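Chain residues, written in single-letter form:
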Amino acid sequence: MTTSLPTTDFGIAIPFVKHLGFVLTVFEGGVSEVTYAPQHEHLNSYSVTHGGALMTLLDVTMAMAARSGLKDMGVVTIEMKTSFMQPSRGHLTAKGSLMHRTATLAFTEATVFDAHGKPCAHATGTFKYIRRLPTGPKTAHPLNAPEKPLDQ
């Protein structure tokens, strides 16, 4: 994946990430950074960013840190632990890093900061590296599953 930053292209179509409006600003050398401007529909009943949106931001940021050294590989989340430190308001920036990797696993962490640079949430995560499956000479299955109606 050749990446010109900042970008909303995370190397694979992820409709929920597109809906949230995440922007990838750093993607190299085991480090990633993703920015996020929560919209009204992303807030909880206390008018702060919903924890589910924050966990998605942390998950994507850690996944991108894991992928930054192996850009042709995909990753899937195996485990994630999140701590919420303070309410998340306004424009947010998540910074992730790859702490350690093996041939098949990545161990990562990420922190979400508010517009004043204060940490709001932190997570650690384990990701499994996955290859695209070959389908024939010089072709591979995309990481996205084929589209079909949910009722089938």
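Just so it is clear, the model here is predicted, and its values are computed rather than measured.

K.L.:
Residues and numbers for the environment of alanine 65, please.
P.N.:
Examined against the element boundaries, alanine 65 turns out to sit in helix H2 (residues 51-67). What makes alanine 65 buried here is its relative accessible area of 0%. Excluding residues that lie within four positions of it along the chain, alanine 65 makes contacts with Gly30, Val31, Ser32, Gly96, Ser97 and Leu98.

K.L.:
Could you give me a rundown of the side chain of serine 68, with the residues and numbers involved?
P.N.:
Structurally, serine 68 can be placed in the loop between H2 and strand E3 (74-84). Separated by 2.8 Å, the side chain of serine 68 and the backbone oxygen of alanine 65 make a polar contact. When near neighbours in sequence (up to four residues on either side) are disregarded, serine 68 contacts Phe27, Glu28, Gly29, Gly30 and Val31.

K.L.:
Please give an account of the nonpolar core that cites residues and values.
P.N.:
By size, the foremost hydrophobic cluster in this structure holds 29 residues, and its most contacted members are Phe10, Phe22, Tyr36, Leu57 and Val112. Mapped onto this core, the elements with two or more residues apiece are helix H1 (15-20), strand E1 (23-28), strand E2 (31-36), H2, strand E4 (92-101), strand E5 (105-113) and strand E6 (119-130). Among the elements that take part in this core, H2 stands out by supplying nine residues, more than any other. Other than its neighbours up to four places away in sequence, valine 112 contacts Leu54, Leu57, Leu58, Leu92, Thr93, Ala94, Lys118, Pro119, Cys120 and Ala121.

K.L.:
Explain the pairing of E1 to me, using residue names and the numbers behind them.
P.N.:
Sheet topology places E1 next to E2; five bridges connect them, and they run antiparallel. What sits directly across from valine 26, in E2, is glutamate 33.

K.L.:
Describe the sheet that holds E5, listing the residues and the values that go with them.
P.N.:
With respect to topology, six strands assemble into an open sheet ordered E1-E2-E4-E5-E6-E3, the strand pairing being antiparallel. Lying at the two open borders of the sheet, with one neighbouring strand each, are E1 and E3. The sheet shows a mean angle of 20 degrees between the axes of neighbouring strands, direction not considered. Each of E1, E2, E3, E4, E5 and E6 touches H2; the most contacted strand, E3, lies at about 135 degrees to it.

K.L.:
Help me get a handle on the packing of aromatic side chains, residues and values and all.
P.N.:
Within this structure, the stated rule accounts for one aromatic pair. Ring geometry for phenylalanine 22 against tyrosine 36: centres 5.0 Å apart, planes inclined by 75 degrees, an arrangement best described as edge-to-face. In this pair, phenylalanine 22 is assigned in the loop between H1 and E1 and tyrosine 36 in strand E2, connecting sequence segments 14 residues apart. Its relative accessible area of 1% is what places tyrosine 36 among the buried residues. The side chain of lysine 95 reaches across the aromatic face of phenylalanine 113, ending 5.8 Å from its centre.

K.L.:
Would you mind going over unusual backbone geometry in detail, with residue names and values included?
P.N.:
In this chain, leucine 5 is followed by proline 6 through a cis amide linkage whose omega measures -5 degrees. A positive phi is found at serine 47, a non-glycine position, where the angle reads about 65 degrees.

K.L.:
Requested: an account of the pairing of E4, with residues and values cited.
P.N.:
Looking at chain direction, E2 and E4 are connected through six bridges and run antiparallel. Residue pairing across strands places tyrosine 36 opposite leucine 92, the latter belonging to E4. Sheet topology note: the E4/E5 ladder contains eight bridges and is antiparallel. Residue pairing in the sheet places threonine 93 in a bridge with phenylalanine 113 of E5. The antiparallel hairpin formed by E4 and E5 contains three residues in its connecting segment.

K.L.:
Account for H2, with residues named and values stated.
P.N.:
The terminal C-alpha atoms of H2, which comprises 17 residues, lie 24 Å apart, in line with the 24 Å expected from a rise of 1.5 Å per residue. Counted residue by residue, H2 has 13 buried out of 17 residues, so it is predominantly covered.

What counts and how
- Residues numbered from 1 in each chain as written.
- Predicted model: local features only at pLDDT ≥ 70, side-chain atom pairs only at ≥ 80, totals over all residues.
- Heavy atoms only, no water.
- Helix = DSSP H or I, 4+ residues; strand = E, 2+ residues; numbered from the N terminus.
- Buried < 20%, exposed > 50% of the residue type's maximum accessible area, 1.4 Å probe, protein only.
- Contact = heavy atoms within 4.5 Å.
- Polar contact = N/O pair within 3.5 Å; in protein donor to acceptor, adjacent residues only side chain to side chain.
- Core = buried A, V, L, I, M, F, W, Y, C linked by side-chain atoms within 4.5 Å.
- Pairing = 2+ DSSP bridges.
- Axes fitted to C-alpha atoms, helices over the stretch in contact; angles between N-to-C directions.
- Phe/Tyr/Trp six-rings, centres within 6.5 Å; stacked < 30°, edge-to-face > 60°.
- Lys NZ or Arg CZ within 6 Å of the ring centre and 35° of its normal.
- Expected span 1.5 Å × (residues − 1).

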